[in-house]
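Single-letter residue listing:
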Amino acid sequence: MKANVKVQIKYLSALRDRTERRQEEVSFPPGTTLQDVAEWLSQRYGLSLPNPQVMATLNGRGWEQFPSKLSTEIKEGDVICLFPPIAGG
């Protein structure tokens, strides 16, 4: 039996206020995908992903940039960051 996969989830800017934390280490079963993480975030914090109001990255890359998109499996030591989109001009 494989050990659970531990990842860091970081909450930036307004999402820090919503979750009341800067980051947390979360343990998921082997084979967990970004879709599973999105469902966990929805149940725990009411965050809906994908969402134009929330940018989500895995190790610095947007979730939609991965070939498998939300079917991408997370790995031990991955870092997920969640933050509002950055506007500028």
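Above this text you will find the structure in question.
Here we summarise the structure given alongside this text.

1. A word on unusual backbone geometry
Then, in step 1: Cis geometry marks the peptide bond from Leu49 to Pro50; its omega dihedral reads -10°.
Then, in step 2: Here Pro50 is to be found in the loop between α2 (34-45) and β3 (55-58).
Then, in step 3: For Ser13, which is not a glycine, the phi torsion comes out positive at approximately 55°.
Then, in step 4: Look at Glu20: it is not a glycine, yet its phi comes out positive at around 60°.
Then, in step 5: On the secondary structure map, Glu20 appears in the loop between α1 (14-19) and β2 (23-28).

2. Considerations on the packing of aromatic side chains
Then, in step 1: Inspection of every chain in the model, using the stated rule, returns 3 aromatic pairs.
Then, in step 2: For the pair Phe28 and Trp40, a centre-to-centre distance of 5.7 Å together with 85° between the ring planes defines the contact as edge-to-face. Placement of the pair is Phe28 in strand β2 and Trp40 in helix α2, with a sequence separation of 12 residues. By the burial criterion, Phe28 is buried, and Trp40 matches it.
Then, in step 3: Here the aromatic rings of Trp40 and Tyr45 are separated by 6.2 Å at their centres, their planes lie at 85°, and the arrangement is edge-to-face. Just as Trp40 is buried, Tyr45 falls in that class too.
Then, in step 4: Aromatic rings pair up to connect Tyr11, Phe28, Trp40 and Tyr45 into one cluster.
Then, in step 5: When the ring centre of Phe66 is taken as reference, the NZ or CZ atom of Arg61 above it lies at 4.3 Å.

About the cut-offs
Residues numbered from 1 in each chain as written. Predicted model: local features only at pLDDT ≥ 70, side-chain atom pairs only at ≥ 80, totals over all residues. Heavy atoms only, no water. Helix = DSSP H or I, 4+ residues; strand = E, 2+ residues; numbered from the N terminus. Phe/Tyr/Trp six-rings, centres within 6.5 Å; stacked < 30°, edge-to-face > 60°. Buried < 20%, exposed > 50% of the residue type's maximum accessible area, 1.4 Å probe, protein only. Lys NZ or Arg CZ within 6 Å of the ring centre and 35° of its normal.

Nothing here speaks to function; it is geometry throughout.
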